[in-house]
Amino acid sequence: MRTQVGIVGAGPSGLILASLLNRAGIDTVVLERRDPEYLLSRIRAGLLEQGTVDMLDEIGVGARMHRERLIHEGVELAFDGRRLHVDLKKLSGKVVTIYGQSEIQKDLMDAHKAAGSAIVYEAEDVSIHGITGDKPSLRYTRHGKPHELTCDFIAGCDGFHGVSRQTIPQDVLRIYERVYPFGWLGILSDTPPVNPELIYCNHERGFALCTMRSNTRSRYYLQVAVDEDPEDWSDERFWTELKRRLPSDVADRLVTGPSIEKSVAPLRSFVAEPMRYGRLFLAGDAAHIVPPTGAKGLNLAVSDIRYLSRALIAHYKEKRADLLDRYSEDCLARIWKAQRFSWWMTNLTHRFPEALPFERRAQQAELAYIESSVAAQTALAENYVGLPFKD
Ligand code: RFL
Ligand code: PHB
């Protein structure tokens, strides 16, 4: 089999790239390890920057999002018994959208199904060959049968644990990494959100986040030890702990109910550079991970795809190589700013087990500074709603 661009991974990065290229008349085949049910069951991101909303509109999958989304004009920080409302719209001129990644995944999969796109689910043992030559290929097995796909280019959209990044020789890649000494225990429940906006809480018992998927579905997170077993957290234990970490008037309003999902996610900052090796291009979580505190993971994946799709389209339509050559540099400029912001938000809102008393006092001073300074709130708002693209 042959295609122009072989894409590994049918998460948001892979499916959005396939849509953009197909719309420009460029052939793609997407190879995905999992089955469709698994992809639809993953609960992940919930907060979209305007650039992500615009991208979903550009590929024609935004209709349901516009009907069902919530628009947030502000966000709250809670600390030391105080609450700070940051007016995103007033300070940055922009708003954020609440719409779950599982819904985006469904909208993308439905659109590809309707278009009859080439997506191979349950593609096992995917391996990447010949990326430094001019005819790279993907090999895989499906239901025990071996297959080979010859391509012009390969897009590695296979997430943090995928094969693409591992195909690049170790002496070529530079890895920048920070692993945090805690994780997030998240639950989803069909209860009304406790607050109309997100609340990021810095509490002595650890960080907590109140977020949502809709007016009837809430998502809450608690900072926990990284090796915490979600099985040890009954719903009752979760709600009790959450109430202890929320400001008391918020805790009093909390509506609890049975959880419909419960899991622990580790927190990590990670960047692999460069994001191109020969004819292999990495995008999204395959190249970088941010701690979820800044809500940047999915948004960064979409911004990589914006650069990659434009570069591939310029190659095919205008025989231009410059955008492909600049791909890694263009993406990394934005990625590092989002990395910095996510790391900063994590440091601002979490309790670090080994923090020196000095560091805790500096954290309190930073929160007090943000509370008192329009300039500091503007910087937070500008990063939170999403920084502009290069072009
Ligand atoms: P994905 O979504 O991981 O998709 C990769 C796909 O590749 C497949 N795959 C393979 N296929 C073939 N062969 C192989 N060898 C393969 N190995 C893997 C996988 O099965 C999968 O289908 O990566 P992608 O597309 O780059 O998208 C990235 C986003 O999913 C991720 O950044 C976000 O979910 C991060 N994130 C958030 N991002 C935001 O922008 N806003 C948020 O509010 C937000 N909240 C979150 C988050 C992530 C979280 N967790 C669980 C990590 C909250 C949490 C708790
Ligand atoms: C979510 O809704 O799951 C969410 C929102 C904001 C974050 C992280 C997660 O910073």
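Residues numbered from 1 in each chain as written. Chains lettered and ligands numbered in written order. Predicted model: local features only at pLDDT ≥ 70, side-chain atom pairs only at ≥ 80, totals over all residues. Heavy atoms only, no water.

1. Let's talk about the site of ligand 2
Applicable threshold: If a single non-hydrogen atom of a residue is within 4 Å of a molecule or strand, that residue counts as near it. By the criterion applied in these results, polar contacts are pairs of N or O atoms within 3.5 Å in which, for protein atoms, one can donate a hydrogen and the other can accept it, and in which residues neighboring in sequence qualify only through two side-chain atoms. Computed with the Shrake-Rupley method and a 1.4 Å probe, the accessible areas treat only the protein chains shown as cover for residues. All residues other than Ala, Val, Leu, Ile, Met, Phe, Trp, Tyr, Cys, Pro, Asp, Glu, Lys and Arg, Gly among them, are scored as polar; the first ten of these are nonpolar and the last four charged. All the domain ranges listed were derived from an automatic or database domain assignment.
As a structural note, the neighbourhood of ligand 2 is formed by Arg44, Gly46, Trp184, Leu198, Tyr200, Leu209, Thr211, Arg213, Tyr221, Pro292, Thr293 and Ala295. A distance of 2.8 Å is found between an oxygen atom of ligand 2 and a backbone nitrogen or oxygen belonging to Pro292. For ligand 2, the accessible surface in isolation is 280 Å², of which the surrounding protein chains cover 97%. When the residues that make up the shell around ligand 2 are grouped by side-chain class, the tally is seven nonpolar, three polar and two charged. Residue assignment places the shell around ligand 2 across two domains, with domain 1 (5-72 + 95-177 + 268-351) and domain 2 (181-267 + 353-383) each supplying three or more.

2. Some thoughts on the site of ligand 1
Quick note on the threshold: The way it works is that DSSP assigns letters per residue, a run of H or I at least four long becomes a helix, a run of E at least two long becomes a strand, and they are numbered from the N terminus.
Of all residues adjacent to ligand 1, which total 30 residues, the nearest are Ser13, Glu32, Gln101, Asp285 and Leu298. At a separation of 2.7 Å, an oxygen atom of ligand 1 approaches a polar side-chain atom of Gln101. Compared with its free state, where it exposes 1,000 Å², ligand 1 has 89% of that area covered by protein. Mapped by element, the contributors of at least two residues to the shell around ligand 1 are α1 (12-23) and α10 (297-318). The leading source of residues in the shell around ligand 1 is α10, at three residues. Looking at the shell around ligand 1, its residues break down into 12 nonpolar, 10 polar and eight charged.

3. Focus on the pattern of salt bridges
Cut-off, in case you're wondering: When a carboxyl oxygen of Asp or Glu is within 4 Å of a side-chain nitrogen of Lys or Arg, the pair counts as a salt bridge. Partly exposed residues are those whose accessible area sits between 20% and 50% of the maximum for their type, while under 20% is buried and over 50% is exposed, using a 1.4 Å probe and protein chains only.
Scanning the model with the defined rule gives 27 salt bridges in all. Linking Glu148 and Arg139 is a salt bridge whose minimum nitrogen-to-oxygen distance equals 3.6 Å. Its relative accessible area of 37% is what places Arg139 among the partly exposed residues. Two residues, Asp330 and Arg326, come together in a salt bridge whose shortest N-O distance is 3.4 Å. In this pair, Asp330 and Arg326 both sit in helix α11 (residues 322-349), four residues apart, roughly one turn of the helix. Residue classification places Asp330 among the buried positions, given a relative accessible area of 8%. If you follow the salt bridges from partner to partner, you end up with Arg64, Glu68, Glu103 and Asp107 in one network.

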